[in-house]
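# Report on the structure
Below are the chains, spelled out letter by letter.
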Amino acid sequence: MQRRNFLRTTALTTGGLLLAQKELLANIFQQPAFKITMLTKDIGIFTEKGGTIAFMLAKKGIVVVDAQFPEQSQHLIDELKKQSQQPFKLLVNTHHHGDHTAGNISFKGITEHVVAHANSLTNQKNVAVTQKTEDKQLYPDQTYTDTWCEPVVGEKICLYYYGAGHTNGDSLVHIVDDNIVHMGDLVFNRRHPFIDRSAGANISSWIKVLDKAMNKFDHKTTYVFGHAADGYNVTGTKEDVKAFQAYLTNLLNYTGEQIKAGKSKDDILKATEIPGSPEWKGDGIQRPLTAAYEELTATT
Ligand SMILES: [Zn+2]
Ligand SMILES: [Zn+2]
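Residues numbered from 1 in each chain as written. Chains lettered and ligands numbered in written order. Predicted model: local features only at pLDDT ≥ 70, side-chain atom pairs only at ≥ 80, totals over all residues. Heavy atoms only, no water.

### Some details on the coordination of the zinc ion (ligand 1)
Convention followed: Distances define the donors: N, O and S atoms within 2.8 Å of the metal qualify, as do those within 3.2 Å of Na, K or Ca. Water is excluded, so some sites may look unfinished. Tetrahedral means four donors with every angle between 85 and 135 degrees, whereas square planar (four donors) and octahedral (six donors) require angles over 155 degrees between opposite donors and between 65 and 115 for all others; sites fitting neither are termed irregular.
The zinc ion (ligand 1) binds to the protein through D99 (OD), H100 (NE2), D185 (OD) and H227 (NE2), with metal-donor distances spanning 2.1 to 2.2 Å. Viewed at the metal, the 4 donor atoms of the zinc ion (ligand 1) are separated by angles of 88 to 165 degrees, and the geometry they form is irregular.

### Side note on the state of the cysteines
In protein structure, a disulfide is the covalent linkage between the sulfur atoms of two cysteines. The criterion, for reference: To count as a disulfide, a pair of cysteine sulfur atoms needs to be within 2.5 Å. Exposure categories follow from relative accessible area, calculated using a 1.4 Å probe and restricted to protein chains: below 20% of the type maximum is buried, above 50% is exposed, and the middle band is partly exposed.
Applying the stated rule across the entire model yields 1 disulfide. Residue pairing for C149: its cysteine sulfur links by disulfide to C158, the two sulfurs lying 2.0 Å apart. Between C149 and C158 the sulfur-sulfur dihedral comes to about 115 degrees; the bridge is accordingly right-handed. Owing to a relative accessible area of 2%, C158 belongs among the buried residues under this scheme.

### Side note on the environment of H219
Operational definition: Secondary structure elements follow DSSP: runs of H or I of four or more residues count as helices, runs of E of two or more count as strands, with numbering from the N terminus.
Position of H219 relative to the elements: it lies in the loop between α5 (203-216) and β13 (222-224). When the C-alpha atoms of H219 and T237 are compared, they prove to be 7.3 Å apart, with 18 residues separating the residues in sequence.

### A closer look at the packing of α5 against helix α6 (residues 238-260)
Our working definition: Axis definition: a line fit to C-alpha positions, over the contact stretch in the case of helices; interaxial angles, taken between N-to-C directions, run 0 to 180 degrees. Any angle from 65 to 115 degrees is called roughly perpendicular, while one under 35 is roughly parallel, one over 145 is roughly antiparallel, and all others are oblique. In this scheme, a crossing is called left-handed if the near helix is turned counterclockwise away from the far one by less than a right angle; it is called right-handed if the turn is clockwise. Throughout, a residue-residue contact means that at least one pair of heavy atoms, one from each residue, lies within 4.5 Å. Note on residue categories: nonpolar means Ala, Val, Leu, Ile, Met, Phe, Trp, Tyr, Cys or Pro, charged means Asp, Glu, Lys or Arg, and polar means any other residue, Gly included.
At a minimum axis distance of 10 Å, the contact between α5 and α6 shows a crossing angle of 160 degrees. As the angle between them shows, α5 and α6 are arranged roughly antiparallel. Helix-helix and strand crossings are classified by hand; for α5 and α6 the assignment is left-handed. Judged by residue contacts, I203, S204, W206, I207, L210, D211 and M214 of α5 engage K238, V241, K242, F244, Q245, L248, T249, L251 and L252 from α6. A per-class count over the contact of α5 with α6 returns 10 nonpolar, 3 polar and 3 charged.

### Notes on unusual backbone geometry
A positive phi angle is found at D66, which is not glycine, with a value near 75 degrees. Within the secondary structure, D66 is located in the loop between β4 (61-65) and α2 (70-83). In this structure D66 comes out as buried when scored by relative accessible area, which is 0%. Backbone geometry at R190 places phi at a positive 55 degrees, although glycine is not the residue there. Here R190 is to be found in the loop between β12 (188-189) and α5.

### Side note on the pairing of strand β3 (residues 53-58)
Cut-off, in case you're wondering: Here, a strand pair is defined by DSSP locating no fewer than two bridges between the strands.
For β3, a buried count of 6 out of 6 residues is recorded, marking the element as mostly surrounded by other parts of the structure. By the alternation rule, side chains of β3 split into I53, F55 and L57 and A54, M56 and A58, which are all buried. Direction of pairing for strand β2 (residues 43-47) relative to β3: antiparallel, over a ladder of 4 bridges. Its bridge partner being in β3, G44 is matched across the sheet by F55. Here β3 runs beside β4; their pairing, made up of 5 bridges, is antiparallel. Within β4, the residue paired with M56 across the bridge is V63. Between β3 and β4, which pair antiparallel in sequence order, lie 2 residues.

### A short note on the coordination of the zinc ion (ligand 2)
Four donors placed tetrahedrally around a metal ideally meet at 109.5 degrees, and six donors placed octahedrally ideally meet at 90 or 180 degrees. Summarising the metal site, the zinc ion (ligand 2) is bound by the protein donors H95 (NE2), H97 (ND1), H166 (NE2) and D185 (OD), whose distances to it range over 2.1 to 2.2 Å. We note that the donor set of the zinc ion (ligand 2) lies within a single chain, spaced as H-x1-H-x68-H-x18-D. Taken as an interatomic distance, the gap from the zinc ion (ligand 2) to the zinc ion (ligand 1) is 3.4 Å; D185 donates to each of them. Pair noted here: H97 is in the loop between β5 (88-92) and α3 (98-101) and D185 is in the loop between β11 (180-182) and β12, with a separation of 88 residues, a long-range link. Summarising the burial analysis for this pair, H97 and D185 share the class buried.

### Quick word on the environment of L269
For L269, the location among the structural elements is in the loop between α7 (265-268) and α8 (286-297). As a C-alpha pair, L269 and P288 span 19 residues in sequence and 9.4 Å in three-dimensional space. Setting aside its immediate chain neighbours within four residues, L269 contacts Q286, L289 and T290.

### Let's talk about the nonpolar core
A general feature of soluble globular proteins is that nonpolar side chains tend to end up buried together. Under the convention used in this document: The definition of a nonpolar core used throughout is a set of buried Ala, Val, Leu, Ile, Met, Phe, Trp, Tyr and Cys residues joined through side-chain atoms within 4.5 Å.
By size, the foremost hydrophobic cluster in this structure holds 39 residues, and its most contacted members are L172, M183, I203, L210, F244 and L289. For this core, the secondary-structure elements that each account for two or more residues are β9 (156-160), α5, α6 and α8. Ranked by residues supplied to this core, first place goes to α6 with 8 residues. Not counting residues within four places of it along the chain, the set of residues in contact with L289 comprises L251, Y254, T255, I268, L269, A271 and I274.

Written as structure tokens, this is what we have:
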């Protein structure tokens, strides 16, 4: 009798626990997985899925840099609306990749303007036509070629184009008074980068772009990076930019040496580390090695 009671109690308890766990799990899945980190009183970053988003809640309006994917940008818009009654004045795209522009569509009818480099718009259109996703795009209505500076919401925002890098249309986005610069995917913090040669990427030019960036901004500048490896921040300092620049230099040098030594592409791709940049670990090393190999062996 006692034993039967015990069993029944245990069964109930287990059942109750399972139910509680199920509810807990359901709650976790319903909660958006995004994270907002404020860098100043008005400027923050949003991370969920895709390239890091930066935003500014100014007195005269809201500015957003990059948009991740539609679901994520909706999460961001919902959160920012809770924080500010001001209109969305400007959406900036650092470049055309889907993890930065697919979410533009959530800003349709919401943001006054979308700005990006002229090549970013061309690339976004080309990809959308190829992938038949034109109806899912919100394209920039403003583009520039060298520099774009505007006092958008009472604070000056400047976009700079320093040449080909991760693509041929990467903007550096400077929030001038607060000295914060969004580097887009020009910096992968301790993570192997995507080098989009199909959109005009060039590693040796990318190294020069980072030189220009470090000359333009100062040692107090806060940099925002498109991506970082697990355990590393998506914001950082000039030292992090320098480290990534060294990675790109080491990548080109190493691949060049291997080619000179008569190694085949397959052999070169077997490398597990770029000598001189051991902090770059994990998956994805074949992508930059392939890009470096193609860049160094290109005949045109
Ligand atoms: Zn990205
Ligand atoms: Zn990208």
